[in-house]
Amino acid sequence: MRNGVEPETADKLTHEWIFQDDFLLGKRNEIAADFVIGNPPYIRLEDIPEARSNAYRKACPTMGGRADIFIGFYERGLETLRDGGHLGFICADRWMRNAYGKALRSLVASDYSVEAAITMHDVDAFETQVSAYPAITVIRAGTQGPAVIADTTADFTEASAADLREWYQRGRGGALHSTGISAAWLSHWFTTQAGWPTGSPDRLALVADLEERFPLLEETGAKVGIGLASGADQIYVTKDSSVAEEERLLPMVVRSDLSSGRINWSEHYLVNPWSSTGLVDLDEWPRLAGYFRRHWQTLSDRNVGRRSPGREHRTIDRVIEGLRLRRKILLPDMSQRIWPVMDEGQYYPHHNLYWIHEGESDWNLDVLAGLLLSDVAELFISTYCVRMRGGTLRFQAQYLRRIRVPRFADIDEAAREELKDAFRKRDVNAATKVALRLYGVAEIPS
Ligand SMILES: C[S@@+](CC[C@H](N)C(=O)[O-])C[C@H]1O[C@@H](n2cnc3c(N)ncnc32)[C@H](O)[C@@H]1O
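Since the structure is predicted, the reported quantities are computational estimates derived from the model, not experimental observations.

Here is what the cut-offs are and how they apply
Per chain, residue numbering runs from 1 following the sequence as it is written. It should be noted that, the model being predicted, local features are given only for residues of pLDDT at least 70 and side-chain atom pairs only at 80 or more, the latter also being counted only at that level, while totals for whole chains, interfaces and linings use all residues. Side-chain numbers come from the whole structure's heavy atoms, not from hydrogens or water. Only DSSP runs of H or I reaching four residues or more are called helices, and only runs of E reaching two or more are called strands; each is numbered from the N terminus. Each residue is assigned to one of three classes by its accessible area relative to the maximum for its type, calculated with a 1.4 Å probe on protein chains only: buried under 20%, partly exposed between the two thresholds, exposed over 50%. Residue contacts are defined here by distance: any two heavy atoms, one from each residue, within 4.5 Å place the two residues in contact. The Shrake-Rupley method, run with a 1.4 Å probe, gives the accessible areas here. Residue values count only the displayed protein chains as cover. For each residue, the test is whether any non-hydrogen atom lies within 4 Å of the molecule or strand; if one does, the residue is near. Two N or O atoms count as a polar contact when they lie within 3.5 Å, although within protein this holds only if one can serve as hydrogen donor and the other as acceptor, and sequence-adjacent residues are included solely when both atoms are side-chain atoms. What marks off one domain from the next here is an automatic or database domain assignment. Throughout, the accessible surface (probe 1.4 Å) given up by two parts as they are put together, summed over both, is called the buried area. Here the term charged refers only to Asp, Glu, Lys and Arg, the term nonpolar to Ala, Val, Leu, Ile, Met, Phe, Trp, Tyr, Cys and Pro, and the term polar to all other amino acids, Gly among them.

Caption draft 1: Main features of the overall build of the protein chain. A count of helices and strands for the protein chain gives 15 helices and 20 strands. In terms of principal-axis extent, the alpha carbons of the protein chain reach across some 95 × 55 × 40 Å. Relative to its 446 residues, the protein chain shows a buried fraction of 52%. At a minimum sequence separation of 6, the contacts of the protein chain that also span at least 24 residues come to 69%. Summed over its atoms, the accessible surface of the protein chain is roughly 22,400 Å², and 48% of this surface lies on carbon and sulfur atoms.

Caption draft 2: Broad picture of the site of the ligand. Around the ligand sit Asp21, Asp22, Phe23, Asn39, Pro40, Pro41, Tyr56 and Phe73, and those are all the residues in its vicinity. Within the backbone of Phe23, an N or O atom sits 2.9 Å from a nitrogen atom of the ligand. Within the side chain of Asn39, an N or O atom sits 2.7 Å from a nitrogen atom of the ligand. Contact with the protein chains hides 42% of the accessible area of the ligand, taken as 590 Å² for the molecule alone.

Caption draft 3: Region of the structure containing the domain arrangement of the protein chain. With domains assigned, the protein chain is organised as domain 1 (7-213) and domain 2 (220-229 + 317-439). The distance between the C-alpha centroids of domain 1 and domain 2 comes to 35 Å. In this assembly, 13 residues from domain 1 lie in contact with ten residues from domain 2. Contact between domain 1 and domain 2 buries roughly 1,100 Å² in total, counting both sides, with carbon and sulfur atoms accounting for 58%. Across the contact surface, domain 1 and domain 2 share five residue pairs in polar contact (both at pLDDT 80 or more). Here the side of domain 1 that touches domain 2 is composed, by residue class, of seven nonpolar, three polar and three charged.

As structure tokens, then:
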């Protein structure tokens, strides 16, 4: 009105410009936005009346599972951006790692660029006390380029924010270590749908750098897998070798057999319902048949049993032909650090173990085991894995597959010998020394 606009027009304009609505269901912007800024609400979908939460899910496909509605705010916010526009949210950062964030992570990875992620878990960012693991995340509509990762401590103040801004404006370069904040440039953001890694900015910058320079473990030809899940270990995994014919008992290695760093076989067997051609015909194996029949009820009550009428004796996973007799590296599914153990080709791994072998490639497994013993392998695992209370790492095949390694052909003869030797002696420091040289890294930052 100060600019001479008629009151009626001024009223119309301001109502066009500023309006209150449900961001997830309300009217959509006609003009693509340069900036979307917000502090979206955290409310679990299950705490919202069903009709509304269903409408939210329909409007925002990334809100899968037990999602929180801030996921929808990201989705709607991102789709509102013009090409090159920026979204900046201060919001819980749970979605970067958990299951319900997967669809949003893939959306971001495929169509957007993470520009900055500033973790503020211990900062008193809000007027009222909220414990929500907040982070400031800036995402641009465009192709992914270098990104800034920062972490703060409770000492974070306005001065720390000014330090960050000044460092950021200088552009890509060395890391920032200042009161209350540390930050680093990553050569790229993490493109995986699996949870994005955690760790100090320096460690994440190193992981991003190694990801740029080295192939994935499986790209070098090695194969990674998990041991067999039966669905009823109390029946399928036994020490009693009288329960079935000898040919139907597969020596099985379990997690506790590895605790010394070498295999100390506890004489467990898998009662094996599989032959090379498929599930065995029980008529041909009377002792096995008798054993399974005594437990038929339990076998049929398993999900896999219910889904397989007439084939209730199957285990969830099939036995992989030839895996037992292969030389392979085994890793327990939970441990304090990555800890490779060699199986000379005697045992079938149980579900709580991961296995790695050379596949069709030329890898020497002792050299690979030496690399996997090093702190460089540990860096990948500890930034990608979920840590349980007490510091135990929860391994998963998806995390092992994220380890980057040099190709075997690129490892010189001296380094091969040193890695073999380090593995033989379980000498982490020696393995790390060789690995740092091979990866061209001076040290692993804390
Ligand atoms: C975390 S608070 C933001 C508080 C804000 N930073 C402030 O200082 O007032 C989230 C806000 O989102 C609003 N909100 C919740 N659901 C919404 C929806 N579906 N659409 C739009 N706003 C919503 C809430 O009313 C709340 O004000």
